[in-house]
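Here is what each chain is made of, one letter per residue.
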Amino acid sequence: MAALGSPARTLRGLLRELRYLSEATGRPYRDTAAYRYLVKAFRAHRVTSEKLCRAQHELHFQAATYLCLLRSVREHVALHQEFHGKGERSVEESAGLVGLRLPQQPGGKGWEP
Amino acid sequence: MWRSCLRLRDAGCRLLTQPRGALAAPARPGPTPQAPARAYAPPTERKRFYQNVSITQGEGGFEINLDHRKLKTPQAKLFTVPSEALAIAVATEWDSQQDTIKFYTMHLTTLCNTSLDNPTQRNKDQLIRAAVKFLDTDTICYRVEEPATLVELQKNEWDPIIEWAEKRYDVEIGSSTSIMGPSIPARTREVLISHLASYNMWALQGIEFVVTQLKSMVLTLGLMDLHLTVEQAVLLSRLEEEYQIQKWGNIEWAHDYELQELRARTAAGTLFIHLCSESTTNTGHQGKLPTLHGWWPAGAG
């Protein structure tokens, strides 16, 4: 079985992601259906937390998978916005990406209009 | 339906802007403009046109409402999903879109659309065969012969997973360094086909999606059987890439970008498989929960 860590930690991670998501609407994350569903599901399985229970492990696996989904999408979007979301880069920016700088010539190159 | 409108509008814009520039450029002999507009522009994203996202339970399952409109699939079918948890996750995807709708981040919606529309028009047998065919070219069964450190890494990381799958399904899989890949016995194929046949169409769409993401049937089995976490499966699928990153360095806009995308897709597919294939979470109501623990020995709770 996959080692998932403590369920409380997974729930905290999920709530944290829900807080990020709620920035889109500006409504508190505690009002969302996802929050209510997650808290209810975690509460329903809390009684068994000390025992090796298949249903509990299954729920925790799904919760951890959902956490991975939300976290990866957030990080993927951030990378996308930064590197791929603005169209084609200028020559200067492209050079900067790989740590180079375009050469500068004092007084221009002579062929500018 | 709105998606086809979106496409039409985009094509319209392109028709309006493109020919004008294309005609003007060769006709004018003067100096070229300072910063010529280049062809590549980021993909357009549609504005968020709704305020509230809600879920209703209809006859066919759970439906998503954007304000007062019902969500439809690209083929204009009503969007209904069999599980409440899945409906909530899809609604959360729609509700978390800020200003513009980013379809490339909405993997669960995409998977549901694929299942509802079945755009490839395949039946259950074809889906199962497509997934099992990946076993012939399974990432973790292909091994390198050099460099020695990578050989050892592959052995240490991949062998335990193959052993687990062989024991779990009582089949023979093996690995190979030949370009032809390992020869999978016919019995292995039969066992896996009959195992996959116990899943429904929705789950099978998810299984095929995950298999094609990870390029591995064995790793997908690990996710289906709760043997691996998504992070572990993705790491194992990218093992050689991770090795090269350790040796040559990490590039954020290529390696991290792909890692996060692969993780997101694999997690979405895995969650989709689990939510669609089990009956316990289909109705997440408290009244139904005791049946979930029905197999327990008396007094264990």
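None of these values were measured; they are calculated from a predicted model.

### A look at the state of the cysteines
Residues and elements named next belong to chain B.
Thought 1: Scanning all chains against the criterion turns up zero disulfides over all chains.
Thought 2: Here C276 is not cross-linked by a disulfide; its sulfur's nearest cysteine counterpart is in C112, at 6.5 Å.
Thought 3: We classify C276 as buried; its relative accessible area is 6%.

### Some remarks on the interface of chain A and chain B
Reports often express the size of an interface as the amount of accessible area lost when the parts come together.
Thought 1: Taken together, the 44 residues of chain A in the interface contact 55 residues of chain B.
Thought 2: Contact with chain B buries area across many residues of chain A, yet A:Y37, A:F61 and A:H76 alone supply 14% of it, more than any other trio.
Thought 3: Summed over the shared surface of chain A and chain B, the number is one salt bridge.
Thought 4: The partner of B:D95 in a salt bridge is A:R27, with the nearest N and O atoms 3.6 Å apart.
Thought 5: Elements represented by at least two residues in the side of chain A that touches chain B include exactly α2 (33–44) and α3 (54–84) of chain A.
Thought 6: Here the residues of the side of chain A that touches chain B are counted per class, giving 22 nonpolar, 13 polar and nine charged.

### Some details on the pattern of salt bridges
Thought 1: Tallied over the full model, the rule gives twelve salt bridges over all chains.
Thought 2: Among the charged side chains, a salt-bridge network with shared partners connects A:R27, B:R48 and B:D95.

### So, helix α9 (residues 230–237) of chain B
Thought 1: For α9(B), the complete set of buried residues consists of B:V230, B:A233, B:V234, B:L236 and B:S237. For α9(B), the angular spread of the buried residues around the axis is 165 degrees, confining them to a single face.
Thought 2: Taken together, the buried residues of α9(B) touch α3 of chain A together with α5 (148–169), α7 (201–214), α8 (217–224), α10 (239–248) and α11 (252–277) of chain B.

### Overview of the packing of aromatic side chains
Residues and elements named next belong to chain B.
Thought 1: Under the criterion given, the structure shown has five aromatic pairs over all chains.
Thought 2: With centroids separated by 5.1 Å and ring planes inclined at 85 degrees, the aromatic side chains of F49 and Y50 adopt a geometry described as edge-to-face.
Thought 3: The exposure class assigned to F49 is partly exposed, which follows from its relative accessible area of 24%.
Thought 4: Among the residues examined, Y50 registers a relative accessible area of 1% and is labelled buried.
Thought 5: Ring plane angle 75 degrees and centroid distance 6.3 Å describe the contact between W94 and F103, whose orientation is recorded as edge-to-face.
Thought 6: Judged by relative accessible area, which is 1%, W94 ranks as buried.
Thought 7: By the ring-pair criterion, three or more aromatic residues cluster together here, those being F49, Y50, W94 and F103.
Thought 8: When the ring centre of Y169 is taken as origin, the NZ or CZ atom of R168, which lies over that ring, is 4.5 Å away.

### A few points about the packing of α5(B) against α8(B)
All names here are of chain B.
Thought 1: Packing of α5 against α8 brings their axes to within 10 Å, and their N-to-C directions diverge by 65 degrees. Taken together, the axis directions place α5 and α8 in an arrangement best described as roughly perpendicular. The hand of the α5/α8 crossing is left-handed. Two secondary-structure elements touch here, α5 through I161, W164, A165 and Y169 and α8 through V218, L219, L221 and G222.
Thought 2: Looking at the contact of α5 with α8 residue by residue, the class counts come to seven nonpolar, one polar and no charged.

### Some points on the packing of helix α4 (residues 124–133) of chain B against α7(B)
To characterise two packed helices, one gives the angle between the axes of the helices and the distance between these axes.
All names here are of chain B.
Thought 1: Across the interface, α4 lies against α7 with an axial gap of 9 Å and an inter-helix angle of 25 degrees. In terms of orientation, α4 and α7 fall into the roughly parallel class. The way α4 lies across α7 gives a crossing that is left-handed. Contact with α4, carried on its side by K124, L127, I128, A130 and A131, involves M201, L204, Q205, E208 and V211 of α7 and no other residues of that element.
Thought 2: Partitioned by chemical class, the residues of the contact of α4 with α7 number seven nonpolar, one polar and two charged.

Conventions adopted
- Residues numbered from 1 in each chain as written.
- Chains lettered and ligands numbered in written order.
- Predicted model: local features only at pLDDT ≥ 70, side-chain atom pairs only at ≥ 80, totals over all residues.
- Heavy atoms only, no water.
- Disulfide = S-S within 2.5 Å.
- Buried < 20%, exposed > 50% of the residue type's maximum accessible area, 1.4 Å probe, protein only.
- Contact = heavy atoms within 4.5 Å.
- Buried area = accessible area lost by both parts, 1.4 Å probe.
- Salt bridge = Lys/Arg side-chain N within 4 Å of Asp/Glu carboxyl O.
- Helix = DSSP H or I, 4+ residues; strand = E, 2+ residues; numbered from the N terminus.
- Nonpolar A, V, L, I, M, F, W, Y, C, P; charged D, E, K, R; others polar.
- Arc of directions from axis to C-beta.
- Phe/Tyr/Trp six-rings, centres within 6.5 Å; stacked < 30°, edge-to-face > 60°.
- Lys NZ or Arg CZ within 6 Å of the ring centre and 35° of its normal.
- Axes fitted to C-alpha atoms, helices over the stretch in contact; angles between N-to-C directions.
- Parallel < 35°, antiparallel > 145°, perpendicular 65-115°, else oblique.
- Left-handed = near helix turned anticlockwise from the far one by under 90°.

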